[in-house]
Amino acid sequence: MFSWADWNKIPSNEVQYGVLLWLGVVASGLGYLGWSYGSTQVSAQQLAVMNNMLIPAGILVNVLIWNGSADWVRLGIGGIFIVLALMVSSKKK
């Protein structure tokens, strides 16, 4: 940070500091805590499948919140494979 930071772009008001605090404490801190706790409640296979779910979930957030674009066919096909993998990993042996 000391070597490459652009010190002209540091937060300049309370809202920007609030966003950084929210992202650092709530979104990252509590999110990872919840993910870690949840990972103890499922199998390794289910955890691996849901870890791959982060990509389509990120695409959906991009489309729904920031009006991004998506290749819906590829997203749908990928989603189907993820759901199938989750179903296979959830079967009792």
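Residues numbered from 1 in each chain as written. Predicted model: local features only at pLDDT ≥ 70, side-chain atom pairs only at ≥ 80, totals over all residues. Heavy atoms only, no water.

1. Notes on the packing of helix 2 (residues 44–52) against helix 4 (residues 72–90)
Packing of helix 2 against helix 4 leaves a shortest axis separation of 9 Å and a crossing angle of 170°. Classed by the angle they form, the pair helix 2 and helix 4 counts as roughly antiparallel. Packed against helix 2, whose contacting residues are Gln45, Gln46, Val49, Met50 and Asn52, the element helix 4 presents Ile82, Ala85, Leu86, Ser89 and Ser90 at the interface. Of the residues belonging to the contact of helix 2 with helix 4, the class tally is 5 nonpolar, 5 polar and no charged. (Axes fitted to C-alpha atoms, helices over the stretch in contact; angles between N-to-C directions. Helix = DSSP H or I, 4+ residues; strand = E, 2+ residues; numbered from the N terminus. Parallel < 35°, antiparallel > 145°, perpendicular 65-115°, else oblique. Contact = heavy atoms within 4.5 Å. Nonpolar A, V, L, I, M, F, W, Y, C, P; charged D, E, K, R; others polar.)

2. A short note on a nonpolar patch on the surface
A contiguous nonpolar patch, built from Val73, Ile77, Ile80, Phe81, Val83, Leu84 and Met87 and spanning about 700 Å² of accessible area, is present on the exposed surface. By secondary structure assignment, the location of Ile80 is in helix 4. Residue class for Ile80 comes out exposed when judged on its relative accessible area of 52%. (Patch = residues over 30% accessible without salt bridge, like charges linked within 9 Å, V, L, I, M, F, W, Y side chains within 5 Å. Areas by Shrake-Rupley, 256 points an atom, 1.4 Å probe, with all protein chains shown as cover. Salt bridge = Lys/Arg side-chain N within 4 Å of Asp/Glu carboxyl O. Buried < 20%, exposed > 50% of the residue type's maximum accessible area, 1.4 Å probe, protein only.)

3. Notes on the environment of Val83
One can find Val83 in helix 4. Counting along the chain gives 63 residues from Val83 to Leu20, while the straight-line C-alpha distance between them is 34 Å.

4. Some points on helix 4
Look at helix 4: 26 Å from first C-alpha to last across 19 residues, which is about the 27 Å you get at 1.5 Å a residue. Within helix 4, burial applies to Leu75, Ile82 and Ser89. Taken around the axis of helix 4, the buried residues stretch over an arc of 55°, which confines them to a single face. Those residues of helix 4 that are exposed and angled more than 90 degrees off the buried face are Val73, Ile80, Phe81 and Val88. Buried-residue contacts for helix 4 involve helix 2 and helix 3 (54–66). (Expected span 1.5 Å × (residues − 1). Arc of directions from axis to C-beta.)

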